[in-house]
Amino acid sequence: MSAASFDAALRDARDALWLNPGEDLAAPPGATLPSADDVRAASERFQRFAPLLAMRFAELRDTQGVIESALLPAPRLAAGLGLGPSHGRLWVKADHQLPVAGSVKARGGIHEVLEFAERLALQHGLLGRLQDDHRGLASEAARALYARHTVAVGSTGNLGLSIGIAAAGLGFRVVVHMSAEAKPWKKQRLRDRGVEVVEHRGDYESAVAHGRRAAAGDPLCHFVDDERSPLLFCGYAAAVFHLERQLAEQGIEVGARRPLFVYLPCGVGGAPGGIAFGLKLRFGPHVHCFFVEPDQSPCFLVGLVGHGAGRASLPSVYDAGLSNATEADGLAVPRASALAVGLMRTRVAGVATVSDERLFQDLRRAHDLEGLRIEPSAAAGFCGPGRLVGTDTGRAFLRRRGLLDALPQAHHVVWTTGGLYVPEIEFQRFLARAAEGE
Ligand SMILES: *Cc1c(COP(=O)(O)O)cnc(C)c1O
């Protein structure tokens, strides 16, 4: 892996798109671990727990415990981003409104907590079989069991919120190791719920390493390992089942003449990787997934480009001469998940990077034009459609895939990944920051 190829990849990603030379549209889906069955199992686990979650979390009562988000048409935002009818239609998959966690981390993080809770309940006889009514886990006996166990995690903020609130809600003791970029309000929200927050001065990778070490010495502690957990990954991937229904409800049939383009904010790669994995299982070569990273934290791009060069671990953004400094705290990750990079090698269409300035502009556009309240990380996808339809590299991709003619029938889904619980004063600061940049 030469410095020159890093530089070229970073330049492509910044100016337009870095196109993944390893993408293989003919790759057989599901010949992997995790498998298609694992993704189905994650979805069924969410369903089994829904009645219990509805009891435990007031915000889930209306949905009977289902944690899902809307698929919103965004015509005004499309126009604001310079997309016309000839480019297809723009949608927002509104994971910024996911309850309990307030971010996409609800999918992966809560799934892993549920798996641990279910496994313990089976081991200790609180559930006889998986099919038993999980509302029984609201009992005193279950809470006492969970209180003896710890769930620990390292986080830049949102994964900690997701794991912390879900696990504390079921009765677990929870320890969250927060990296330097974690916002004070996220730590406070956890402490208000009895979660122990350990603050680290270092970056995300070192917070995870601390947490992993602390947990390794405790047999009653389950460490949620964002850099290598298949359970998180499958929780994210299960998003495909609901999205599939939402597309069908809108009369959208994804196919060769009706491509689906999906733009996903990327940190360590678990959330976008899992979602892309699920989408590929269902829509195969007709879905094209692009990840978007901050221009100082493109760890996934660096991981893909530097992968397989005989190194023990993936290279980091520091190896590529970048700082990992970004206001997009959810994406401020120096080194990608090897699990996600390995699974995305043949599946991701490309990667783009985005400046913080553009993130704030898009955050404001999403607010002004569609009334969305998102956090900076969640705005990353909005630069994607323009990079695809409006740059030479993007159009070369479309031409090579034979998709230029299909563009008017295309659907672009921008995944907005966090923001529900951002305090009003913080949100006003985001808007002010956007105004400054003009
Ligand atoms: C964590 C996060 C992501 C990306 O998920 P990774 O698994 O780290 O790639 C995107 N947006 C927000 C708001 C997040 O919190």
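Residues numbered from 1 in each chain as written. Predicted model: local features only at pLDDT ≥ 70, side-chain atom pairs only at ≥ 80, totals over all residues. Heavy atoms only, no water.

J.: Go over the overall build of the protein chain with me, naming the residues and quoting the values.
T.: Along its length, the protein chain carries 17 helices and eleven strands. For the protein chain, whose C-alpha radius of gyration is 21 Å, the value lies close to the compact-globule estimate of 22 Å for 438 residues. Dimensions of the protein chain, computed from the C-alpha atoms along their principal axes, are close to 60 × 45 × 45 Å. With the model as given, the accessible surface of the protein chain reaches about 16400 Å², and the carbon-plus-sulfur share is 50%. The averaged location of the 48 negative side-chain charges in the protein chain is 2 Å from the averaged location of its 48 positive side-chain charges. (Helix = DSSP H or I, 4+ residues; strand = E, 2+ residues; numbered from the N terminus. Rg over C-alpha atoms; globule rule 2.2 N^0.38 Å. Areas by Shrake-Rupley, 256 points an atom, 1.4 Å probe, with all protein chains shown as cover. Lys, Arg positive; Asp, Glu negative; His and termini not counted. Charge placed at Lys NZ, Arg CZ, Asp CG, Glu CD.)

J.: Summarise the pattern of salt bridges; cite the residues concerned and give the values.
T.: For side chains of opposite charge, pairing can occur when their charged atoms come near one another. Within this structure, the stated rule accounts for 27 salt bridges. Here Arg228 makes a salt bridge to Asp225, at a shortest N to O gap of 3.8 Å. Connected via shared salt-bridge partners are Glu68, Lys93, Asp95 and Arg107. (Salt bridge = Lys/Arg side-chain N within 4 Å of Asp/Glu carboxyl O.)

J.: Quick one: what's the story with the packing of aromatic side chains, residue by residue and with numbers?
T.: What the rule picks out here adds up to eight aromatic pairs. Note on Tyr263 and Phe290: the rings are 5.9 Å apart at their centroids and 15° apart in plane angle, and the pair reads as stacked. In this pair, Tyr263 is assigned in strand S8 (residues 260-265) and Phe290 in strand S9 (residues 287-294), connecting sequence segments 27 residues apart. Geometrically, the ring pair formed by Phe360 and Phe430 is tilted, given 6.0 Å between the ring centres and 55° between the ring planes. Of this pair, Phe360 sits in helix H14 (residues 356-370) while Phe430 sits in helix H17 (residues 424-436), placing them 70 residues apart in sequence. (Phe/Tyr/Trp six-rings, centres within 6.5 Å; stacked < 30°, edge-to-face > 60°.)

J.: Go over the site of the ligand, please, and point to the residues and values.
T.: Close to the ligand lie 16 residues; Lys105, Asn158, Gly267, Gly269 and Thr417 are nearest. In the environment of the ligand, an oxygen atom lies 2.9 Å from a nitrogen or oxygen atom belonging to the backbone of Val268. In the environment of the ligand, a nitrogen atom lies 2.6 Å from a nitrogen or oxygen atom belonging to the side chain of Thr417. Protein contacts shield 99% of the accessible area of the ligand, which totals 380 Å² for the unbound molecule. A majority-of-atoms criterion places the ligand in the largest cavity. Sort the elements by how many residues they give to the shell around the ligand and helix H11 (residues 270-283) lands first, with three residues. Partitioned by chemical class, the residues of the shell around the ligand number six nonpolar, eight polar and two charged. (Near = heavy atom within 4 Å. Polar contact = N/O pair within 3.5 Å; in protein donor to acceptor, adjacent residues only side chain to side chain. 1 Å grid on protein atoms, 1.4 Å probe; cavity = no way out; pocket = protein on both sides within 12 Å on 5 of 7 lines; lining within 4 Å. Sits in = over half its atoms within 2 Å of the grid points. Nonpolar A, V, L, I, M, F, W, Y, C, P; charged D, E, K, R; others polar.)

J.: So what about empty space enclosed by the protein? Which residues, and what values?
T.: Taken as a whole, this structure holds three cavities of 30 Å³ or more when the rule is applied. As for the largest cavity, its lining consists of 23 residues, of which Lys105, Gly267, Ala271, Gly330 and Leu331 are closest to the centre. Contributing elements (two or more residues each) for the lining of the largest cavity: helix H6 (158-170) and H11. A breakdown of the residues in the lining of the largest cavity according to their chemical character gives eleven nonpolar, nine polar and three charged. (Points joined across faces, edges and corners; volume = space filled by probe spheres on them.)

J.: Lay out the sheet that holds strand S11 (residues 411-416) in plain terms, naming residues and giving numbers.
T.: Read from one edge of the open sheet, seven strands run S1-S10-S9-S8-S11-S3-S2, paired in mixed fashion. Because the sheet does not close on itself, it has two edges, and the strands there are strand S1 (18-19) and strand S2 (71-73). (Pairing = 2+ DSSP bridges.)

J.: Account for helix H2 (residues 36-56), naming residues and giving values.
T.: Compared with the 30 Å implied by 1.5 Å per residue over 21 residues, the 30 Å span of H2 between its first and last C-alpha is a close match. Along its length, H2 reaches its greatest deviation from straightness, about 50°, at Ala50, and the proline Pro51 lies no more than four positions downstream. If you check which residues of H2 are buried, you get Val39, Ala42, Ser43, Arg45, Phe46, Arg48, Phe49, Ala50, Leu52, Leu53 and Ala54. Those residues of H2 that are buried are in contact with helix H4 (105-123), H6, helix H9 (230-237), helix H10 (239-249) and H11. Where H2 begins, the side chain of Ser35 points an oxygen toward the backbone nitrogen of Asp37, at a separation of 3.2 Å. (Expected span 1.5 Å × (residues − 1). Bend = angle between axes of the 7 residues up to and from the residue. Buried < 20%, exposed > 50% of the residue type's maximum accessible area, 1.4 Å probe, protein only. Contact = heavy atoms within 4.5 Å.)

J.: Go over the layout of surface pockets with me, naming the residues and quoting the values.
T.: As a volume, the largest pocket reaches approximately 390 Å³. Forming the walls of the largest pocket are 19 residues, and the residues nearest its centre are Ser43, Phe46, Gln47, Val66 and Glu68. At the level of elements, H2, H4 and H10 are the ones that each hand at least two residues to the lining of the largest pocket. Looking at the lining of the largest pocket, the element that brings in the most residues is H2, giving seven residues. Here the residues of the lining of the largest pocket are counted per class, giving nine nonpolar, five polar and five charged.

J.: Describe the environment of Glu59, with residues and values.
T.: Looking at the secondary structure, you find Glu59 in the loop between H2 and S2. Discounting chain neighbours no more than four positions away, the residues touching Glu59 are Pro99, Val100 and Tyr421.

J.: Before we move on, could you go through the sheet that holds strand S6 (residues 196-199) and cite the residues and values that matter?
T.: Within the open sheet, the four strands sit side by side as S6-S5-S4-S7. Their pairing is parallel. The sheet is open, and its two borders are formed by S6 and strand S7 (221-224), each paired with just one other strand. Shown here is a sheet whose adjacent strand axes are inclined to one another by a mean of 20°, direction ignored. Relative to S6, strand S5 (residues 173-178) runs parallel, the two being bridged by four bridges. Residue pairing in the sheet places Val175 in a bridge with Glu196 of S6. Helix-sheet contacts for H4 involve strand S4 (150-155) and S7, and the interaxial angle to S7 is about 155°. (Axes fitted to C-alpha atoms, helices over the stretch in contact; angles between N-to-C directions.)

J.: I'd like a description of the pairing of S9, backed by residues and values.
T.: Across the eight residues of S9, eight count as buried, placing the element largely inside the fold. Here six bridges tie S8 to S9, and the two strands are oriented parallel to one another. Each bridged residue has a counterpart across the sheet, and for Val262 the counterpart in S9 is Cys289. A crossover connection joins S8 to the parallel S9 through H11; in handedness this β-α-β unit is right-handed. Alignment of S9 against strand S10 (residues 350-354), held across five bridges, turns out to be parallel. (Right-handed = clockwise from strand over helix to strand, strands pointing away.)

J.: Describe in detail the environment of Glu424, supporting the description with residues and values.
T.: Among the structural elements, Glu424 can be located in helix H17. Within the structure, the side chain of Glu424 is placed 2.7 Å from the side chain of Arg373, a separation counted as a polar contact.

Just geometry here; none of it tells us what the structure is for.
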